[in-house]
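The residues making up each chain are set out below.
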Amino acid sequence: MFITFEGPEGSGKTTQLARAADYLRAQGLTVLQTREPGGTPLADRIREVLLDAANTGLTPSAELLLYAAARAQHVVEKIKPALQRGEVVLCDRFADSTLAYQGYARGLDLNLVAQVNLFATGGLEPDLTLLFDLPVEVGLARAGARAKHLPDEQREDRFEREEIAFHQRLRDGYLHLAKAHAERFRVIDAAADVDAVWQRTRAILDAEVLRRRGR
Ligand SMILES: Nc1ncnc2c1ncn2[C@@H]1O[C@H](COP(=O)(O)OP(=O)(O)OP(=O)(O)O)[C@@H](O)[C@H]1O
Ligand SMILES: [Mg+2]
């Protein structure tokens, strides 16, 4: 089963993914934790380029293709083999991030982004996508508070420097995707505290993972 964690910066994806991994492992499942961009040595090197705030000259099309290149490698080298072994794959961001960021927020043609995604994933789609949704200001405040504790070279904040309107388009785009793919998306109110968000996340995992395993 392939489960992706989506949402803007600071929405709690990484926090909740870690809890989900512990929880599913405690139930006896074999879990692969991974993230995008990255997940393989080659894709991690592309990640460094993409998230480096110094790369201000990156054009939108180059950005799109770098994400796609990292994803293509990640799918073939890591995600598909794990799924074939029968593992549960938890992935921090995936193709929906590209639609939300490069499509809805950045303004690239949505059909083009979808085509590039299709090419990169070879048609692999998540079975379940958890969308951590929250007001833009709340997410940015959280991400900002976190960045303060990191040395400059560890701050992955190229997007955090975007204007508020960018983040609003991002949120709206994600919600639009959730409506368009209601069969696999579950929207979680991520403005609540960590434990409350986890209760909701766990309830969805209970329902969805058990439902699929019981089939
Ligand atoms: N529900 C919550 N309430 C308050 N703070 C939270 C909550 N969830 C996470 N945080 C804190 O907010 C910050 C961002 O959380 P996290 O790193 O999980 O978000 P993220 O969605 O993975 O962000 P990014 O997209 O930037 O990786 C962290 O400092 C985390 O401890
Ligand atoms: Mg994260």
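Above this text sits the structure in question.
The present account deals with the structure reproduced in this document.

Thresholds applied
- Per chain, residues are indexed from 1 in the order of the written sequence.
- As a convention, the first chain written is A and the first ligand written is 1, with the rest following in written order.
- pLDDT decides what is reported in this predicted model: residues at 70 or higher carry local features, side-chain atom pairs at 80 or more are listed and counted, and totals for whole chains, interfaces and linings draw on all residues regardless.
- Side-chain numbers here rest on the full set of heavy atoms in the structure, without hydrogens or water.
- Only protein atoms enter the 1 Å grid used here, on which a cavity is any set of points holding a 1.4 Å probe that cannot leave and a pocket is any open set flanked by protein within 12 Å on both sides along at least five of seven lines; residues with an atom within 4 Å of a point are listed as lining.
- Grid points are joined across faces, edges and corners, and a volume is the space filled by probe spheres set on the points.
- Strands are runs of DSSP state E lasting at least two residues, helices are runs of H or I lasting at least four, and both sets are numbered from the N terminus onward.
- Put simply, Ala, Val, Leu, Ile, Met, Phe, Trp, Tyr, Cys and Pro go in the nonpolar bin, Asp, Glu, Lys and Arg in the charged bin, and everything else, Gly too, in the polar bin.
- What makes a residue near a molecule or strand is one non-hydrogen atom of that residue sitting within 4 Å of it.
- Polar contact is defined as a pair of N or O atoms within 3.5 Å, subject to the rule that within protein one atom must be able to donate a hydrogen and the other to accept it, and that residues adjacent in sequence are counted only when both atoms are side-chain atoms.
- Residue-level accessible areas treat just the shown protein chains as cover; the underlying method is Shrake-Rupley with a 1.4 Å probe.
- Partly exposed residues are those whose accessible area sits between 20% and 50% of the maximum for their type, while under 20% is buried and over 50% is exposed, using a 1.4 Å probe and protein chains only.
- For two strands to pair, DSSP has to find at least two bridges joining them.

Before going further, it helps to spend a moment on empty space enclosed by the protein. Tallying each qualifying case throughout the model produces 2 cavities of 30 Å³ or more. Computed from the structure, the largest cavity encloses a volume of approximately 60 Å³. Lining the largest cavity are Pro 8, Glu 9, Leu 134, Pro 135, Val 136, Gly 139, Leu 140, His 167, Leu 170 and Arg 171. Mapped by element, the contributors of at least two residues to the lining of the largest cavity are α6 (136-147) and α7 (164-180). Residues belonging to the lining of the largest cavity are distributed by class as follows: 6 nonpolar, 2 polar and 2 charged. For the second largest cavity, the calculated volume is near 30 Å³. In terms of lining residues, the second largest cavity is bounded by Tyr 23, Leu 24, Gln 27, Leu 205, Asp 206, Val 209 and Leu 210. Among the secondary structure elements, those contributing two or more residues to the lining of the second largest cavity are α1 (13-26) and α8 (194-213). A total of 4 residues in the lining of the second largest cavity trace back to one element, the largest contributor, which is α8. Grouping the amino acids of the lining of the second largest cavity by side-chain chemistry returns 5 nonpolar, 1 polar and 1 charged.

Near ligand 1 you find 16 residues, and of these Lys 13, Thr 14, Thr 15, Arg 146 and Ala 192 are the closest. Contact between ligand 1 and Thr 14: an oxygen atom at 2.7 Å from a side-chain N or O atom of the residue. With respect to ligand 1, the side chain of Arg 93 contributes an N or O atom lying 3.3 Å from an oxygen atom. If ligand 1 stood free it would expose 630 Å²; the protein chains cover 74% of that surface.

Of all 5 residues in strand β3 (residues 88-92), 5 are buried, a share of seventy percent or more. Residues Val 88, Leu 90 and Asp 92 of β3 are buried on one face, and the alternating residues Val 89 and Cys 91, pointing to the opposite face, are buried as well. In the sheet, strand β2 (residues 31-35) pairs with β3 via 5 bridges, with the strands oriented parallel. The partner of Leu 32 across the bridge, within β3, is Val 89.

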